[in-house]
Amino acid sequence: DAGITQSPRYKITETGRQVTLMCHQTWSHSYMFWYRQDLGHGLRLIYYSAAADITDKGEVPDGYVVSRSKTENFPLTLESATRSQTSVYFCASSEKRARSNYGYTFGSGTRLTVV
Amino acid sequence: AQSVAQPEDQVNVAEGNPLTVKCTYSVSGNPYLFWYVQYPNRGLQFLLKYITGDNLVKGSYGFEAEFNKSQTSFHLKKPSALVSDSALFFCAVRDPGGRDNYGQNFVFGPGTRLSVLP
């Protein structure tokens, strides 16, 4: 997972609190993604970003906010955490190429528990 | 829109035996296909990919996958399983010609947990 780091690795927060998960990549990849991983659902896309200042919703964006002021950072914020947002969150990045055949590179994940 | 199915939630195999983890896909055009592996408490790691060419693709850790266009499958295989192969495996597909709203995003299957028993 060298080159893409997530922090914190583990987080416990209370219902209603705001919490931000950080993602930082050092490859200058254009695309960045946030997924959540839940038993029975596999990976579900929350938000993605095609470049700095360009973000778009994925499959499950409700309750989340993202920003991308710099290419290397893509923080994910839970504005008012709920227990249903207890999950493992993965950040990923990829190069930007027309018809790119490159895969994604994933961070090590953040395990978030909302109590 | 593209989709991926992994029909088995769990695959158990004895060490030394061959293993297969199944994946079928649906895309409108020619697919880009990928396998990722997730070891406990780790992120997903790229294992191998099929873009074009030889239908048998070799990847990391002795894994290989066979692309079968007529069956729309991309099954992951290994001739002799190791206990250390125990992990969660994800198949993913991207339609390079697709015009969905997700840009370069992949569609991931739900994952298959492989347990190799000593």
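Residues numbered from 1 in each chain as written. Chains lettered and ligands numbered in written order. Predicted model: local features only at pLDDT ≥ 70, side-chain atom pairs only at ≥ 80, totals over all residues. Heavy atoms only, no water.

Visitor: Sorry if this is basic, but what is going on with the overall build of chain A here?
Guide: Secondary structure assignment for chain A yields zero helices and eleven strands. Written out in order from the N terminus, the α and β elements of chain A read β-β-β-β-β-β-β-β-β-β-β. When the backbone C-alpha atoms are referred to their principal axes, chain A occupies close to 40 × 30 × 25 Å. Taken over 115 residues, chain A has a buried fraction of 48%. At a minimum sequence separation of 6, the contacts of chain A that also span at least 24 residues come to 55%. When the accessible surface of chain A is totalled, it reaches about 5,600 Å², and 47% of it is carbon and sulfur. (Helix = DSSP H or I, 4+ residues; strand = E, 2+ residues; numbered from the N terminus. Buried < 20%, exposed > 50% of the residue type's maximum accessible area, 1.4 Å probe, protein only. Contact = heavy atoms within 4.5 Å. Areas by Shrake-Rupley, 256 points an atom, 1.4 Å probe, with all protein chains shown as cover.)

Visitor: Teacher, can you tell me more about the state of the cysteines here?
Guide: Put plainly, two cysteines are in a disulfide when a covalent bond ties their sulfur atoms together. Taken as a whole and judged by the stated rule, the model has two disulfides over all chains. In this model, Cys23(A) is linked to Cys91(A) through a disulfide, with the two sulfur atoms separated by 1.9 Å. Its S-S torsion of approximately -75° makes the covalent link between Cys23(A) and Cys91(A) left-handed. Linking Cys23(A) in strand 3 (residues 19-25) with Cys91(A) in strand 9 (residues 87-94), this pair joins segments that are 68 residues apart in sequence. The exposure classification of Cys23(A) matches that of Cys91(A), with both residues buried. Disulfide pairing places Cys23(B) opposite Cys91(B) at an S-S distance of 2.0 Å. Because the sign of the S-S torsion sets the handedness, a value of about -65° for the bond joining Cys23(B) and Cys91(B) places this disulfide among the left-handed ones. (Disulfide = S-S within 2.5 Å.)

Visitor: Please explain the pairing of strand 10 (residues 87-94) of chain B as it appears in this structure.
Guide: Within a regular beta strand, the side chains point alternately toward one face of the sheet and then the other, so they alternate between its two faces. All names here are of chain B. Here strand 10 lies mainly inside the structure; eight of its eight residues are buried. Judged by which residues are buried, strand 10 turns out to be covered on both faces: Ala-87, Phe-89, Cys-91 and Val-93 on one side and Leu-88, Phe-90, Ala-92 and Arg-94 on the other are all buried. Direction of pairing for strand 5 (residues 32-38) relative to strand 10: antiparallel, over a ladder of seven bridges. Counted as the bridge partner of Phe-34 is Ala-92 from strand 10. (Pairing = 2+ DSSP bridges.)

Visitor: It is not clear to me how the pairing of strand 5 of chain B should be interpreted in this structure. Could you clarify?
Guide: All names here are of chain B. Burial within strand 5 is extensive, with seven of its seven residues counted as buried. By the alternation rule, side chains of strand 5 split into Tyr-32, Phe-34, Tyr-36 and Gln-38 and Leu-33, Trp-35 and Val-37, which are all buried. Of the strand pairs in this sheet, strand 5 and strand 6 (residues 44-50) are connected by six bridges, and their pairing is antiparallel. Pairing of Trp-35 across the sheet is with Leu-48, part of strand 6.

Visitor: Explanation requested: the environment of Ser30(A) in the structure shown.
Guide: Inspection of the secondary structure puts Ser30(A) in the loop between strand 3 and strand 4 (31-38). Residues Ser30(A) and Thr71(A), spaced 41 residues apart in sequence, show a C-alpha to C-alpha distance of 6.8 Å.

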